[in-house]
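Each chain, written out:
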Amino acid sequence: MEANISGFVCCLVAALLFANTWQGDFVYDDSRAIVSNEDLRPSSSWLDLWRHDFWGTPLDHAGSHQSWRPLCVLSFRLNYSWSGLNPKSYHIVNIVLHSLVTLCLTLLVQPIIRRRWVRWIVSLAFAVHPIHCEAVASIVGRAELGAALHTLVALLAYRAHLKARGRRRRRRYQENKEATSNTKEDRQQQENEEEEDEERQGKKRKRIEPLIESTRARRNPFQRRQSPLSLFIRRVTICCCWSHPLKKIQYRVTSPTSASNNVHKRDQQHGRHHQPDDDELSGNRWRSNDKKKTKKDEPQIKKSFGCCAYLWTSLAAAALAILWKETGMVAIPLCAVMELTQHFQVGPSRRQLPSNRQSSDRNNRHLVQERGENKKTMAYRNLSLLGAVWAGQLGLRMYMLGGESTTALPWFAAADNPVSRDASLLTRTLTFLHLPAFNFGLLLWPAWLSFDWSMDSISPVTRFNDARNVATFIFYAGLAVLVTKTLNRLKQQDGHRKHTKLIVTALSFLVLPFLPATNLFFYVGFVVAERVLYMPSIGFCLLLGAGLEKTMDLTQSKKCGSIKREKFIRLMLATCFGATLIMWSVRTFQRNGDWSSEEQLYRSGIPINPAKAYGNLAAILAREQRQTEAEHAYRQALAHRPNMAETHFNLALLLQSQGRHQEASSSYLQSIHYRPNLAAAYLNLGLLLSKQQGQHELAVHWLSACSQLDGSGVRDPQAHRHSQIQALVSWGQLELASGHPETSIQLYKQAIRRTPTNLQQVQLVYHSLAEAYQSVGNYLESERWFKAAVDQVQESHSIEQQQANARQQYKRTMKTASSGSDGLQTSRSDQVAAHLTYARFLAKNASRHDEAEQLFRQAQLMAPTDPAVYMFTGQFLLEASRPREAAEFFVRAAHLAPADFEAVFNAATTLREVKELDRAELFYRKAVQLRPDDVTVYRNLGALLHVKGQWREAEDNYQLALRLVPNDRITLTNLNRLHQLVAGRSKSQPNVNNNSSPLTPQQATATTES
């Protein structure tokens, strides 16, 4: 009951404390692992989860992170199929997983911690510890949560297996012991009954002995064996002459051994040698054949089956733990530690038995020895099984790495773990020895937390006289003392079984999961990672519990005083740890707020890792169009660390958007200098130079260099390939503009062979190739590629539609509201764009206007609220000399996009052409509000008012146009005609009709970009 209450309360505390993370966004690594990971999309194969790493990169690629976590990616994919890219569902799953881990820890500490209040403190400490914020608030931390959950489940199942095995062993020992005592008593009683029965039957036996002797005398002397007939006669005679013929048979069936022993004793008393007859030899067979299973044996079979079920459940959970993250490999070693602890403590710590039990055990010494041998056999058998399973896990993990560990280990940049690239052995040794002590300090006092501890966030330890070496020595000395005392206590016969088991479990959880992050076996891609401490924090909390248990044991000794002092000490400890839990809870709540958005997260990391924090913060500010703040942040990041290639690249993008092309080119060159395989820098530099006069050759040089870069070792091979394909397309467009269409066609085909990374890039390549064929007059090939783009989009849309239907059906089953997914909307917009492009191509051929109009109609059905569809349809109808229909489409586009100047202006111009002057005036006035500094709007509005006879207002608009462009020829001509018209009308009669047609002024025309 206590376990249920404490588990429920701790789960509730963990869920409520981290509840403020469910409204957070995708932050930091979430974008790459979820938003841009193609393995989550329905279009990707389910087998890719097993062939790709955590970030969606193939495991056999040189730039792969080698983080193989298929179950974690599978959970992301299920989240995506349920809610798309809505981050709330992802955060809710993380909160639930953390609550389940807290529940499992609560169940784990129940039998190994004696005091109830200490168990509560340990469970609550894990539930509220601030070091868990990154693992829970960051969605990619789900790998840690899943691995920890399955590891704890494996331990709980293995402990249940050990308990079931112990109960079965004790039950067998008791049954054997009872069987031994019952056999002695039954044997004595049976011997007494046999002697009495032999005395009663002695006289009766003498009557048949002469008959038997006479029968033997008449036997053939040459026949050694009795014939079947003689045996039959003998048996019939005995049965007939004996008063109770079945009693002997029944006796032999029930206890043949005692009967034969009695006969043997009697023969020894008379000096004869006893030969057992056939009845005595076959009595055992009768007894064994008649023995049947009773209902008492059925629970034993069930308990034996339960013992094996617990074992295989533990192995299955351990096997699943490694599929969540590599740290799940510690599940099997932790089970082995539990087995060894049980094996060492069963024998030496067995309590002394009473005197009567001791005398009984002396008589059954062989049973005690057999029981001990069975314990060792079971322990060695389980350890062998655990070793075999762990070897299989290790072999599978090495196979997924690529087989040869020396070449298949992932490659990390020097900034991720700078000490690993240091040439000094002393620096590497002292720093790597200090890092575990630093991580333990984060568990002990989690005041300074950061999203990233790479680069120079922790300065390396280069000398022996560094003050941090003192903390390192204290940490390892304390750990060595604790391990030594624990090992010595395992060998002693004392009563502190639970305390010793608690310390062993705590040290196992603290050390084993952290071993891969110590750089002892191989270098890792981080200096400190807070989410890696999620599972070691279990050992830390158990170690706190062990300290509290030891303190209370000391207070109960005679040296510490009375009971009142013991209660006072317990109250003080509970108060101090309660205050610590409250402080940790406040820190956790505050840290969860930092993880709610990227801007808050990066600002919180400035004191610890200013270079990376400023660089990431600047990217967020630039995305929000806060360019001045973004540039300042970029400059600050480069001031702390000048060799960051990505920061130079992002700064170049910002400068390019501001029109500072020379500075942008310099920043692009700096990023290429610090990272020669950064394909995006080559691409953007080539595009920037292509827009400048006289830089054609230099632009082609950088675009060509981008397309020829080696992609091995890059962090994101998909983005690298995307940049290379884009460089080929841009290069082809430059060649096409230079009058080399054949070269551009070859470049586009080369881009197709490299497999575009997404649907938008597929359309870009196909449309560019179609336009290149169109420029050389090959309209058949041009149409083929335009149609191929449409088919490609339709195929992708059908897949998205099937997935959306399945998701809608699931949500109806779960009775939850739903809306269209982002992936489906993206696919629909791509399909509309493909239809519009193909329709515009067909519209150039007058004989295929019907097909083009049909495609425009289909685009309207697919996107009835897209203003671009109506814009292009109106332009097509206007070119087809159908201005009235075109005007209605332009008006529809203007209503859908009232802030779009082109839509409003085109609607006004087309309405004026069809003589709907009042509606045209309304749209012209809207256009003036959208662009008050555009001379074309004032010129056309003045011409419209001129035609309508509103001469004074028309003159005002002409004057506004001349203020913007003083020497505009069209405006001056219209203004002179207006003045002539006004002068001529002033000489005529005053009742002149204002609707008379004046000289039509020349009008300005507006063009729209396709």
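Residues numbered from 1 in each chain as written. Predicted model: local features only at pLDDT ≥ 70, side-chain atom pairs only at ≥ 80, totals over all residues. Heavy atoms only, no water.

Caption draft 1: Looking closely at the overall build of the protein chain. Looking only at helices and strands, the protein chain features 42 helices and 0 strands. Classification of the 1010 residues of the protein chain by burial places 45% in the buried group. As displayed, the protein chain has an accessible area near 52,700 Å², and 56% of this comes from carbon and sulfur atoms. (Helix = DSSP H or I, 4+ residues; strand = E, 2+ residues; numbered from the N terminus. Buried < 20%, exposed > 50% of the residue type's maximum accessible area, 1.4 Å probe, protein only. Areas by Shrake-Rupley, 256 points an atom, 1.4 Å probe, with all protein chains shown as cover.)

Caption draft 2: Region of interest: the side chain of His 161. Following the sequence through the fold, His 161 ends up in helix α8 (residues 142–217). Apart from the residues within four sequence positions on either side, His 161 is in contact with Cys 307, Tyr 310, Leu 311 and Asn 382. (Contact = heavy atoms within 4.5 Å.)

Caption draft 3: Region of the structure containing the packing of aromatic side chains. Applying the stated criterion across every chain yields a total of 19 aromatic pairs. For the ring pair Phe 440 and Phe 475, a centre distance of 5.5 Å and an interplane angle of 45° mean the geometry is tilted. Linking Phe 440 in helix α18 (residues 425–444) with Phe 475 in helix α19 (residues 468–491), this pair joins segments that are 35 residues apart in sequence. Classification of Phe 440 as partly exposed rests on a relative accessible area of 23%. Given a relative accessible area of 18%, Phe 475 falls into the buried group. The ring of Trp 46 has Arg 77 sitting right over it, with the charged end atom 4.0 Å from the ring centre. Taking the ring centre of Tyr 870 as reference, the NZ or CZ of Arg 892 above it sits at 5.7 Å. (Phe/Tyr/Trp six-rings, centres within 6.5 Å; stacked < 30°, edge-to-face > 60°. Lys NZ or Arg CZ within 6 Å of the ring centre and 35° of its normal.)

Caption draft 4: Expanded view of the packing of helix α4 (residues 70–83) against helix α5 (residues 87–109). Here α4 crosses α5 at 135°, and the two axes come no closer than 9 Å. Of the possible angle classes, the one that applies to α4 and α5 is oblique. Every pair of crossing elements has a handedness; the one defined by α4 and α5 is right-handed. For the pair α4 and α5, the contacting residues are Phe 76, Asn 79, Tyr 80, Trp 82 and Ser 83 in the first and Ser 89, Tyr 90 and Val 93 in the second. (Axes fitted to C-alpha atoms, helices over the stretch in contact; angles between N-to-C directions. Parallel < 35°, antiparallel > 145°, perpendicular 65-115°, else oblique. Left-handed = near helix turned anticlockwise from the far one by under 90°.)

Caption draft 5: Here's a closer look at unusual backbone geometry. The backbone phi angle of Tyr 28 is positive, close to 55°, even though this residue is not glycine. Looking at where Tyr 28 falls in the secondary structure, it is placed in the loop between α1 (2–17) and α2 (30–35). Not every positive phi belongs to a glycine, and Asn 519 is a case in point at roughly 60°.

Caption draft 6: Spatial organisation of the nonpolar core. One finds Phe 451, Leu 601, Tyr 602, Tyr 668, Tyr 682, Leu 911 and Phe 923 to be the most contacted residues of the largest nonpolar core, which totals 115 residues. In terms of residue count, helix α28 (residues 679–690) provides more of this core than any other element does, 8 residues in total. Residue contacts for Tyr 682: discarding those within four places in its chain leaves Ile 672, Pro 676, Trp 702, Ala 705, Cys 706 and Leu 709. Among the nonpolar cores identified, the runner-up in size contains 105 residues, and Leu 59, Ala 147, Val 527 and Val 528 belong to it. (Core = buried A, V, L, I, M, F, W, Y, C linked by side-chain atoms within 4.5 Å.)

Caption draft 7: The arrangement of a negative patch on the surface in detail. Side chains of Glu 193, Glu 195, Glu 196 and Glu 199 sit close together on the surface and give a patch of like negative charge. Topologically, Glu 196 is positioned in helix α8. (Patch = residues over 30% accessible without salt bridge, like charges linked within 9 Å, V, L, I, M, F, W, Y side chains within 5 Å. Salt bridge = Lys/Arg side-chain N within 4 Å of Asp/Glu carboxyl O. Lys, Arg positive; Asp, Glu negative; His and termini not counted. Charge placed at Lys NZ, Arg CZ, Asp CG, Glu CD.)

Caption draft 8: Expanded view of a nonpolar patch on the surface. On the surface, a cluster of nonpolar side chains totalling about 310 Å² of accessible area is made up of Trp 22, Ile 92, Val 96 and Leu 100. Mapping Ile 92 onto the fold places it in helix α5.

Caption draft 9: Up close: helix α41 (residues 951–964). For α41, built from 14 residues, the straight-helix expectation of 20 Å at 1.5 Å per residue is met to within 8% by its first-to-last C-alpha distance of 20 Å. Burial in α41 covers these residues: Trp 951, Ala 954, Asn 957, Tyr 958, Ala 961 and Leu 962. Along α41, the residues classed as buried sweep out an arc of 145° about the axis, all on the same side. Turned more than 90 degrees off the buried face of α41, the exposed positions are Arg 952 and Arg 963. (Expected span 1.5 Å × (residues − 1). Arc of directions from axis to C-beta.)

Caption draft 10: Summary view of the pattern of salt bridges. If you walk through the whole model with that rule in mind, you get 36 salt bridges. Ionic pairing is found between Asp 553 and Arg 115, a salt bridge with its closest N-O pair at 3.1 Å. Separated by 438 residues along the polypeptide, Asp 553 in helix α21 (residues 536–555) and Arg 115 in the loop between α5 and α6 (116–128) bring together distant segments of the chain. One exposure class covers both Asp 553 and Arg 115, and it is buried. Note that Glu 646 and Arg 675 form a salt bridge whose closest N and O atoms lie 3.2 Å from each other.

Caption draft 11: View of helix α38 (residues 901–913). End to end, α38 covers 18 Å across 13 residues, agreeing with the expected 18 Å (1.5 Å per residue, within 8%). Residues of α38 that are buried include every one of Phe 901, Ala 903, Val 904, Phe 905, Asn 906, Ala 907, Ala 908, Thr 909, Thr 910, Leu 911 and Arg 912, and no others. Tucked inside the fold, the buried residues of α38 contact α36 (867–879), α37 (883–896), α39 (917–930) and α40 (935–948). A side-chain oxygen of the first residue of α38 lies 3.3 Å from the backbone nitrogen of Glu 902; this N-cap is Asp 900. Lys 915 sits one or two positions beyond α38 and adopts a positive phi of about 70°. (Polar contact = N/O pair within 3.5 Å; in protein donor to acceptor, adjacent residues only side chain to side chain.)

Caption draft 12: Just the confidence of the model for the protein chain, in detail. In this model, the protein chain carries a mean pLDDT of 77, and residues with pLDDT of at least 70 account for 74%. For residues 219–225, every residue scores under 50 in pLDDT, and the model assigns this stretch 3 contacts once sequence neighbours within four places are set aside. Contacts from residues 810–827, a stretch scored under 50 in pLDDT, to residues over four places away or in other chains number 22 contacts. (pLDDT = per-residue confidence, 0-100.)

Caption draft 13: Fine view of the side chain of Asp 39. For Asp 39, the location among the structural elements is in the loop between α2 and α3 (48–51). Of the side chains with opposite charge, Arg 77 lies nearest to the buried Asp 39, which makes no salt bridge, at 6.3 Å. A polar contact of 3.0 Å, which involves the side chain of Asp 39, links it to the side chain of His 52. Filtering out sequence-adjacent residues up to four positions away, Asp 39 remains in contact with Ser 44, Asp 48, Leu 49, His 52, Asp 53, Gly 56, Val 73 and Arg 77.

Caption draft 14: Region of the structure containing the environment of Ser 450. The topology assignment puts Ser 450 in the loop between α18 and α19. Assessed through its relative accessible area of 0%, Ser 450 is described here as buried. Spatially, the C-alpha atom of Ser 450 lies 9.6 Å from that of Arg 591, the residues being 141 residues apart in sequence. Ignoring any residue separated from it by four or fewer positions in sequence, one finds Ser 450 in contact with Glu 134, Glu 530, Arg 591, Gly 605 and Ile 608.

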